[in-house]
Structures are given as C-alpha cells and as structure tokens.
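Coordinate inspection notes
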Amino acid sequence: MSKGQLPRWVDFGLLPALNLIAAFIVSGLVVVIIGEDPFEAVKWLVWGALGYGEGIGYTLYYATNFIFTGLAVAVAFHAGLFNIGGEGQAYVGGLGIALACLALDRFIPWWVTFPFAIAGGALFGAAWAFIPAYLQAKRGSHIVITTIMFNFIASALMVYLLSNILIPQGTMSPSSRNFEAGGQLPLLRNVFTSFDFGQSPVNLAFFLALAVCVVVWLLIWHTKLGYEIRSFGKNPDAAAYAGISPVRITIITMLISGALAGLMGINVVMGEQTRLLLDFAGGAGFVGIAVALMGRGHPIGIILAAMLFGLLYQGGAELAFEIPTISRDMIVVIQALVILFAGALEHMFRPAVVAFFDRFSSDTAEA
Amino acid sequence: MQVIDLIDQKGRATVAESNVPAIELIGVNKSFGPVHANKDINLVVGKGSIHGIIGENGAGKSTLMSILYGFYNADSGTIKIDGKATTIPDSKSAISQGIGMVHQHFMLVDPFTVLENVILGAEGGALLKDGVANARRELQRLADEYDMTIDPDAAVGELPVGLQQRVEILKALYRGADILILDEPTGVLTPSEADHLFRILRVLRDQGKTVLLITHKLREIMDVTDTVSVMRRGEMVASRKTAETSMEELAELMVGRSVLLEVDKPEVEVGKPLLKVEGLNVRDDRGVLRVKDVSFEVRAGEVLGIAGVSGNGQSELLAALSGITRAESGTMELSGEKLDLAGVHNAAEMRHKGMSHVPEDRHRMGLVNQFSEYENSILGYHREPKYSKGMFLDRDAIRKEAKERIEKYDIRPPTTEMTAAKFSGGNQQKIVLAREIECDPDVLLIGQPTRGVDIGAIEYIHNRIMDMRAQGKAVLLVSVELDEIRSLSDRIIVMFDGNVVGERGPEATEQDLGLLMAGVNQEAAE
C-alpha cells in the first residue's frame, strides 16, 4: 500500500461514515442552540423514517427519486462532465411519461404502458440534455452553465404546457388529468399486502431504480462504451490518442445522463401522483449531485446515499411534525450539513485518516 | 557511519576541508508499507558545491529529496543542516531553513506573470503594491547576480519551458534558499536549455549556494557536478568525486552490472517504403504553422530518426501522422494506401491501417494513470474483436494477454491490477511499448522512447526498436537525445522551425547535427 492509498473499505465506508457523524454532531449542536434535545430529535428522525411501515415506504419512495438523479449525475461525472441539469431533465422526462400514459391508459393495462412510459421519460430527458451536450461538444459552451439555464427553461416550458395545454377543461389547478388504471404503476402496499406500507406512495419504480443501477454498473465498468467514457473523463488527451471522439462521448454520455434523470418521473408521475403536475421534481435533481458525490459514482454507493437522503427527507418531515420548534427549514439545514460534510468537505478528514493508516501499515511492515 | 568512512577513503578531501557540510544525513530510513524506499541513508553535501544524486527510477532519490523538503517525514535518522541537527516537518519549515526545491513538474500559475508567480505565497502584507515593488527590485538583483535575465511581466504560460524552470529557481532564491534541490531538471529541457541551466547552476555554486541535482542521466553528472552519490534500490551505494570517476563506473554502480551504452545494430535488408509523407503542413490550436511542407519516407526495415530541439514541429508532426490532429494539407501513404491528412481522421482509424504510436508524453497521452495496468494495455485497441464479447469487454481475455505481456516485457511489479500511476517510469513505458508493438503494426511512430526511463529499461527499449527493424517494420523515431537518434537510426532528418533542414547518415558528427538543429546552415542545406 503506497503513501496516500487507503484500503477500499476505508475509502468507501469509514470516510463517508466519519463525514456523516460530523454532520450529525453539528446538526445536534444546532438543535441544542434552538433549545431542543438533540437525542430526542434523532429519535424522531430515525423513527419517522424507519420506525413503522408507512415511514419506511416514504423513505424508499424518496430514495427512488434520488437513485435516478444520482445515477444521472454519476454517469456524467465519469466522463468528466458536471450535469447540474438533472432537475430540468427529470421535469421534462416527466412530460414524456405523462404523454405516454395519457395516450395509452384507457386502452391497455399498466404493464403494457410501462415500457412506453420508460421510453418516453428516457427520450424526453435525453432530448433535454442533448442541447447542452451539443453546445459543449461542438461550441465549447460550458455544460454547467447551459444545464443550469435549461433547468429554468424547463420550468417555464412546463408552466406553459400545464396551464395552457395539458390542463383539463373546467379545472383551475395546473396539472394534467388523472391517469386511468392503465397509466398507474402499482403501489407496493397493494403488491406486498403482508407488509404494512400504510398510505405511502412507494411503488414498483423502486425496483426499476435498482435494475437501472445494475445497468449503469455494467455500462460503466463492463462495456466498451463505458471504457471510453471513463478514459475520456480521466484523461481527455489519452482518449484522443486512443481515437475516442470527444464529441461523440460528450453527447452520448449526456444523453444517457438525461435519460436516467428523465426516468425519475416514473416514480412520481406514474407511481405516486398518476398525473403530471407543476414542480413535481421538487429539487431531487439537485439532491442527485450530493448523492452521486457521496456514493463515489458507484451504483452501490448511490443506493446507500439515496437511502440516507430518503431517510432525511421522510424522518425530517416526521421530526418537524413532532417537535414544532424544529421547523421544516431546520430539516433543510440538517440536509445541507450532510451535503456540506459529505460533498464539499469530503477531504476534511482524509489527511488524518491517511496519516493514521500510513503509520499503521508501516508498523505492520516492520513487525 | 560506514558510508561516511567510505567517502573519506575515496577522497572527500575538498569537501571535508571546507568547514561544516551544508547537508548531512545520518541513518535515514523511510518505508511505505512493505516498501523500504530509503534504507539507512548517509549523505554529506559540502557547502558551495554541486552534488549529484544518481540512480535508476525507483531507486529512492525522489523520496530522499522529499524528506529533505519536508513532504515526507523520515521514520528514523538524523538530518543536519549546516551542522545543526534539525527536523523538517513540512515544506514551510524547509523553506525557512533555506532549502528550495525545483520540481520536475513545475508548480506555476500559467496566466500569472513571472513576478506574480515569484511572490505567490510570499506576498508580504495585505496590499500587493509594496510586495510587488520589493519583488521587482529583488528579481533585478537576482538576475544581475546570477545572470538569470527574465522579463518580470511576461505571462509564465507563454514562456518556453527553459524559462519557466528559471522562474522556479528564482522563486526558490527569492525565498532565501541557500540549498537548491533540482529534481530531474533536464527532463523537459532541450540540450541547449540544459546547457544554460548548468551555466546558471555553476554561477549559483560560485556564489556559495549548494546545489543538489537529482538525475538519472550520467552525462549531466559528469558535466556539472563536483561530487556524486549513487543510489540503488533504496540504498546509498557509493559517493565519489566526479573528477575521479567515469560514466562506466557510475553506470555500473547504478544498475549493479555493466551496461551496454552502444546498441547492437545488425544489417537489415531495406524493403519498399511503408510510410511516405508528402507536403505536410500542420497548424497548432493558435493557428501558427508548426510543420512546413515536410516530406519523407520510411522503408521496411529502416529506422528514420527525426532530430531537433524540442518544439520545432516534431510533436505536431506525430500528432498529425497518428490521426490525433488534422493537418492543413499533405498526404500520407501507409502500406500502399494513400490518405489525405487534411481530411477527417482519428487515431483508431490509423491504428487499424497498421500504424501504432508510442507518444512522446506517456502521462499525458499514452496512459490513463488511474486505470489499472490491464485496462491500459488495451487503450486504443479496446474495440478489437479479441477483447470483446458483444458490447462488453472480455476482461478475462484482456487480463490473460496483459499477463503474457508483463512476462514478456518484464514489467515490474508483475501485476495487472495496479494503477498505471504507481508503476515506475520505465515500467510505464514498457506497458505502452508492449501495447503498441504486440499489435504487430507495419509502421511504428515512437516519440522520446526513453524520456524519464532508467538505464536498464533504456537498453531494453532500444533492443525492442531494433527488433522491429529486424522484422522489416518501418520505424519513425523522434527524440531530443542525439545519442539515441545516432545509435538507432539508419537515416536522420533534422527539423528546425517546422522545416526539414537536412538529412544525414548515422555516422554524422554531433557538431554537424548540432549546427543543423540550431538552424545555422539552413541555407546551405537548402
């Protein structure tokens, strides 16, 4: 083990755990400052997320969103691209899903609609990522800037579509009509009746998310395309030397990334809401960035990080309900602290841990 | 203590006479896990001398210097600076004790001016104005005293490499360095830039500075140092006065056996041209014409050497031929097939047509440093059917072949799983070489084949190139090492300012080639 190298379990297990603990300690201090008992808060947080069937259901439901957006960000990361546009891609992807459901739900059962909805979400998400990708590849317009701008364009576009085109006649709320049974993804509470999921909206999209994790893992580490994506991300000059076209890789990677983000709507639009509504993405696209960072770009890590953020979302809601002085905004603070420690301050504990393991490993070498 | 005794016997006379040594290391040890990088190192460096430390890649030179500069802490041992025992916990402390370091890879901010780079981290005060004025005065003084003129307002990124290095040296001197460590300083320099550097080092020595020169180039040691220490496999094996030793002795000490510095070049029957380039013009990103109307051919069983000071169009030539960049105009005939180089090509296509390419800079191009050995062993060939199963990579097949190559090319350590960055320079080059030779190309483009490579590996790489020649391949060799060009090539063309300024046989004298490389008798050649 050479200098600065850590065993995998430390890099992927211990360090994230340390970051997390630090985030919770600081959060605990904040809770103390506003005059509440932090242990009580943690109790409600964990109980709210994992203590009963409905809580678990909600945690999984949120995690599903974050897996999709986390994978989207991670795939782009592997090509050295920072896709901040997951939010907009998910939003527009939802439109593709809704259109598939609206077109088919009255004629065929959900499991026939399902593949069309997947295709619709992926296609629309990818299309939304294509323009920034093209601009980056051909014109050198920085993808961080263009994807952020496309989030706003997506938002404006969807407001227009929902309030002018998709809105059913005679209603006042900017959303599409409700899908019939043929456009509704079964909820887990109706599939696994032996487990009490309460009224939680967790649905079959959760399993789709897990399947997509496997696909992404295969894509990145086992296909020729994945090899090219990683080569390009790690060393663009070597990729050019190897005859890998930067234009091609940039565009293909962003299409995949956009498609993954676009699938998020399967969970919300087809699973929970069974209609397209305003702002359904609700920031999940941005949480995906933190999830991808914390998960080290690996599907397993992303699943774990998504579960953590799902837990914070659901447990946080419960906590705000049980201890009213800890408001909804406080929960956002706690989430922000986790992002801060896990993402931005990722390297804070690393030097100390490296030093510790260097000492440890040289001791054993001499022994 | 043994080694110090040894040094005394070997006549450290001049060094010992001058008072206390500038640096004294006693029994320094450093391990990284199971690797004992420095074993019981003893070293004495006299004040006001140029001391060379020579050894193969991975001999522990850089580790030792990193200990001196405070990047690493020694596991045990004593460090004495100016006779006083001290500790150097970090580089800040090294600087305050008068130790400056010029790294192999420069630590400069390209868009900043020389002045801004020099004061970076030593600005002195919240407002820049005073610091800048001070620095400007100080730079002027340093420039006068050490004959290191440089425009303080030039942007560093636009300076040639030799001057960038000078900025690094000025940075160290500005911080009050009395001991200057240079880590492989000539790796990036042209021969004339290297000569200039050595002149500066001599001036520094004459002004009382102590210079520690880390290198694996014997010639540099002989040229510029007063005393030299040899490292091998983490140990300090000998110290000598440069005047009392020879290249042969040092080479033997470095590798532990005598080395053939001459290459065995058998007679090979030359066949038909495999690579024919005509009227090649290449512009760089900034629109500057870097290769001007270059034509040549390389025949089967022939090595064509391209000599020249680096930066005279060789890199652009290789990039255009290998399909990485697009030429402005020009054609190439590859194994009988004619290609328009101004058209769209990519490197994969050229490989497919039988041309492989060992790039000049393996870190920038030849390898993905974070990839494991076996992943690097297919870079550029990853779409070959033998490596794939449908859209997937056939990892078992790739690993199996990588293992065979590791054995055949004696790549050490013999593992397919370690990342490329952790192999030594020579072994990294072997990974690239194995990949580009084992695909059985017709034409091999090879740039700076032995840059940053230890002597044992140099010999090996040269022999592989000779094997290619013996097998009737066409080899285009670009190198800034004249010795290498002369000993390997059948014909030599010299590039200057993008033009081919002359062609010579391998028997051409160094002066003759040197004049061509300097562009002196350009007119005569035309």
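Residues numbered from 1 in each chain as written. Chains lettered and ligands numbered in written order. Predicted model: local features only at pLDDT ≥ 70, side-chain atom pairs only at ≥ 80, totals over all residues.

Turning to helix 8 (residues 191-206) of chain B, a few remarks are in order. Residues and elements named next belong to chain B. Taking 1.5 Å per residue, 16 residues should reach 22 Å; helix 8 reaches 23 Å between its end C-alpha atoms and fits that length. Along helix 8, the residues classified as buried are Glu193, Ala194, Leu197, Leu201, Leu204 and Arg205. For helix 8, the angular spread of the buried residues around the axis is 120 degrees, confining them to a single face. Each element contacted by the buried residues of helix 8 is listed here: strand 3 (50-55), helix 6 (128-146), helix 7 (161-174), strand 7 (179-183), strand 8 (210-215) and helix 9 (218-224). Positive phi appears at Gly208, one or two residues downstream of helix 8, with a value of about 100 degrees. (Helix = DSSP H or I, 4+ residues; strand = E, 2+ residues; numbered from the N terminus. Expected span 1.5 Å × (residues − 1). Buried ≥ 20, exposed ≤ 12 C-beta atoms within 10 Å, placed from the backbone. Arc of directions from axis to C-beta. Contact = placed C-beta atoms within 7 Å.)

Right, let's talk about the confidence of the model for chain B for a bit. Residue and element names in this part refer to chain B. Scored by pLDDT, chain B comes out at a mean of 86, with 92% of its residues at no less than 70. Low pLDDT, under 50, characterises residues 522-526; the stretch is placed with five contacts to residues that sit more than four places away or in other chains. Reported confidence for the predicted complex is 0.84 by ipTM and 0.76 by pTM. (pLDDT = per-residue confidence, 0-100.)

In this section: the nonpolar core. Core analysis: the largest hydrophobic core is formed by 258 residues, its most contacted members being Leu71 of chain A together with Leu180 and Ile181 of chain B. Broken down by element, this core gets its largest block of residues, 16 residues, from helix 3 (residues 53-78) of chain A. Leave out the neighbours within four places in its chain, and Ile181 of chain B touches Met65, Leu68, Tyr69, Ile99, Met101, Val102 and Leu212 of chain B. (Core = buried A, V, L, I, M, F, W, Y, C linked by C-beta atoms within 7 Å.)

Take unusual backbone geometry next. Residues apart from glycine generally show negative phi values, whereas peptide bonds are mostly found in trans. Geometrically, the link from Arg412 of chain B to Pro413 of chain B is a cis peptide bond, its omega value of -5 degrees lying close to zero. Turning to its location among the elements, Pro413 of chain B is positioned in the loop between helix 15 (395-408) and helix 16 (425-438). In the Ramachandran plot, Thr274 of chain A falls in the positive-phi region, its phi being about 50 degrees despite a non-glycine side chain.

All names here are of chain A. Between the first and last C-alpha of helix 1 (residues 8-33) there are 37 Å, a value that for 26 residues agrees with the 38 Å anticipated at 1.5 Å per step. Of all bends in helix 1, the biggest is about 30 degrees, found at Leu14, and the proline Pro16 comes one to four residues later. Regarding helix 1, the residues found buried are Leu15, Pro16, Asn19, Ala23, Ser27 and Val31. Just past helix 1, the residue Gly35 takes up positive phi, approximately 85 degrees. (Bend = angle between axes of the 7 residues up to and from the residue.)

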